[in-house]
Amino acid sequence: MTGETFGHDFKQKYFSYLNPGAVPVNHGSFGAAPACVIDKQESLCEEVEDYPDQLMFVDLKSKYVDQLKSLGEYLNIDYHNLALVTNTTVGVNTVLRSFPWDFNKDKLLFHSTSFQSCQNTVRFLSEYFGLRFDVVELAYPLEDAEVVAKFEAKLSTGEYRLCMFDMITSMPGVRLPYEQLTKLCQKYNVLSLLDGAHSAGQVDLRFLDEIQPDFMSANLHKWLFTPRSSGILYVNPKHHAVIQSLPISSQFTAEICHPIAEPVNEQQRNHNREILINKFYFTASVSYYQYFCVKTAIEFRRVICGGEKKIHEYQSELRKDAIDAVIDIFGPGAKLMENSTKTLAIPGMFNVSLPLRPEFKPVLSKALSNYDYSCKLKAKCEKIAITEKKFAPVAFHNDKLWVRFSVQIYNELEDYKLVAQRIKEAVETAFWNEYNIL
């Protein structure tokens, strides 16, 4: 195990591509890859550009499978049930747009804090094809039992074909009881689609082969240190025949992409196990460099960082101190988003409410009731902070303004003090400007 010490010196040594003048506490949005992974990506680019036919016609599948095997071994998942995709949103779209819906009767369920792009995919299917949907309203902080009860109240009606829910919500950054929700879907014979955008590198994913949800998609670039952008799609074996790549590839009609209904020997069973790989390893003439850096990223986490346990221990300890520092800077009334059993917590993120002046109540009320206005106001707050490279994203939720902070192994406590002060000033400036207009 490595003897490396995490923090700013670690950042300077291993994350040298990060701007030294920036204070990075928003890893949760776009991730950051260590220099060795970026260098690997660049060398792959040079190798392929030297003679692209070698990759596309000869090496592509073997390289793809090699990365999948490494990923499956590290995450304790059968790699035959995985496909590499560019990001979680693409994975979710892949499922929703290739699933054989009966638009005359099928209905989908998701929750109000689902990632906007995933919500919009459902709304697109509704507007263009008539897919019906319903929404579970979630206002945090909530106990796990409350979340499960809200979902069960809907699922128990028998109305739904598929339920889409987060493992870890983006904004606010909280953990859902995703294993309980998966079992709940199975209880009511509803298909489960898990948005695991923040899962890989933060939580144990071996439950996929144990509990076997129907679908799950996760980013690798957010927390697993792969280049931007790369992700995985998990597909339960019973759905391998149904799910198609996005875009549909030239191999859609190929024999290797169609299962044998009743395999009678090992060769035919292997054919069926390879279905997902054959559908996804080549989708079009796109960049595959980021996919082929997965092994390098895993090796960095295992050897240089010392493994998942050491990474999460550092994040968790720093998170505790950072929460206290942010609350102190935000001032009286600032609160951590957490429930009584502390099940919302994850190693790499936390949310703290930023108290606002009484004069700003009309501005906050408008932001809470008008989605378009809230997006514009959010952008104004964040732009001010970004200009000084001390940024954390804000969200309007449950009558408050929340700030989400990410915690990574290159961070130290001082980072959160600097960003908390700057985001507080940025929000104050933006709200005063809005107050003078209203």
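The structure presented is a predicted model; accordingly, all values stated were derived computationally and were not measured.

Caption draft 1: Inspection of the pattern of salt bridges at higher detail. Within the structure shown, the criterion is met by 19 salt bridges. Note that E317 and K320 form a salt bridge whose closest N and O atoms lie 3.5 Å from each other. Remark: K320 and E317 occur in helix α13 (residues 308–330); sequence separation between them is three residues, near one turn of the helix. We classify E317 as partly exposed; its relative accessible area is 48%. One salt-bridge network, held together by shared partners, links E266, R269 and R273.

Caption draft 2: Expanded view of the side chain of D144. Within the secondary structure, D144 is located in helix α7 (residues 144–155). In this structure, D144 is buried with no salt-bridge partner, the nearest side chain bearing the opposite charge being R175 at 7.0 Å.

Caption draft 3: Molecular detail of the packing of aromatic side chains. Under the counting rule described, the total for this entry stands at 29 aromatic pairs. Aromatic pair F360 and Y435: ring centres 6.4 Å apart, planes at 65°, arrangement edge-to-face. Within this pair, whereas F360 is found in the loop between β9 (349–353) and α14 (361–369), its partner Y435 is found in helix α16 (residues 413–437), the two being separated by 75 residues in sequence. You can call Y435 partly exposed: its relative accessible area is 32%. Ring centres 6.4 Å apart and planes at 40° place the aromatic pair F396 and F431 in the tilted group.

Caption draft 4: Looking closely at the nonpolar core. Core analysis: the largest hydrophobic core is formed by 102 residues, its most contacted members being Y64, L96, F151 and L205. With eight residues, helix α4 (residues 52–75) is the single largest residue contributor to this core. The contact partners of L205, leaving out residues within four places of it in the chain, are L75, I77, M167, S199, A200 and M216. In terms of nonpolar packing, the next biggest core, distinct from the first, is built from 36 residues, A367, C381, F396 and V427 among them.

Caption draft 5: Broad picture of the sheet that holds strand β11 (residues 394–397). Here three strands make up an open sheet; going across it, the order is β9-β12-β11 and the pairing antiparallel. Where the open sheet ends on each side, the last strands, each with one partner, are β9 and β11. Averaged over all pairs of adjacent strands, the angle between strand axes in this sheet comes to 35°, irrespective of strand direction. Alignment of β9 against strand β12 (residues 400–406), held across five bridges, turns out to be antiparallel. Paired with V352 across the bridge in β12 is V403. Of the strands in this sheet, β9 and β12 are in contact with α13, which crosses β9 at around 20°.

Caption draft 6: Representation of the domain arrangement of the chain in the model. Annotation of the chain at the domain level lists domain 1 (42–296) and domain 2 (308–436). Its C-alpha centre places domain 1 at a distance of 30 Å from the equivalent point of domain 2. Across the interface of domain 1 and domain 2, roughly 2100 Å² is buried in total on both sides, 58% from carbon and sulfur atoms. For the domain 1 face of the interface with domain 2, the top three residues by lost area are M171, Q202 and W223, together amounting to 26%. For the pair domain 1 and domain 2, the interface holds 12 residue pairs in polar contact (both at pLDDT 80 or more). Its residues placed into classes, the side of domain 1 that touches domain 2 shows 12 nonpolar, eight polar and three charged.

Caption draft 7: Examining the UniProt feature "domain: Aminotransferase class V" (unreviewed entry) in the chain more closely. According to UniProt, the feature "domain: Aminotransferase class V" (unreviewed entry) maps to residues 71–252 in the numbering used here. From the first C-alpha to the last, residues 71–252 spans 25 Å; its make-up is 31% helix and 19% strand.

Caption draft 8: Main features of the pairing of β9. Of all five residues in β9, five are buried; the element is thus mostly enclosed. Here β9 shows a buried face lined by M349, N351 and S353 and a second buried face lined by F350 and V352.

Caption draft 9: Representation of the environment of C185 within the structure. Mapped onto the fold, C185 is located in helix α8 (residues 178–187). In the structure, C185 is positioned 91 residues away from T94 in sequence and 20 Å away in space, judged by C-alpha atoms.

Analysis parameters
- Residues numbered from 1 in each chain as written.
- Predicted model: local features only at pLDDT ≥ 70, side-chain atom pairs only at ≥ 80, totals over all residues.
- Heavy atoms only, no water.
- Salt bridge = Lys/Arg side-chain N within 4 Å of Asp/Glu carboxyl O.
- Helix = DSSP H or I, 4+ residues; strand = E, 2+ residues; numbered from the N terminus.
- Buried < 20%, exposed > 50% of the residue type's maximum accessible area, 1.4 Å probe, protein only.
- Lys, Arg positive; Asp, Glu negative; His and termini not counted.
- Phe/Tyr/Trp six-rings, centres within 6.5 Å; stacked < 30°, edge-to-face > 60°.
- Core = buried A, V, L, I, M, F, W, Y, C linked by side-chain atoms within 4.5 Å.
- Contact = heavy atoms within 4.5 Å.
- Pairing = 2+ DSSP bridges.
- Axes fitted to C-alpha atoms, helices over the stretch in contact; angles between N-to-C directions.
- Domains from an automatic or database assignment.
- Buried area = accessible area lost by both parts, 1.4 Å probe.
- Polar contact = N/O pair within 3.5 Å; in protein donor to acceptor, adjacent residues only side chain to side chain.
- Nonpolar A, V, L, I, M, F, W, Y, C, P; charged D, E, K, R; others polar.
- UniProt positions renumbered as here; feature names shortened; annotations may be inferred.

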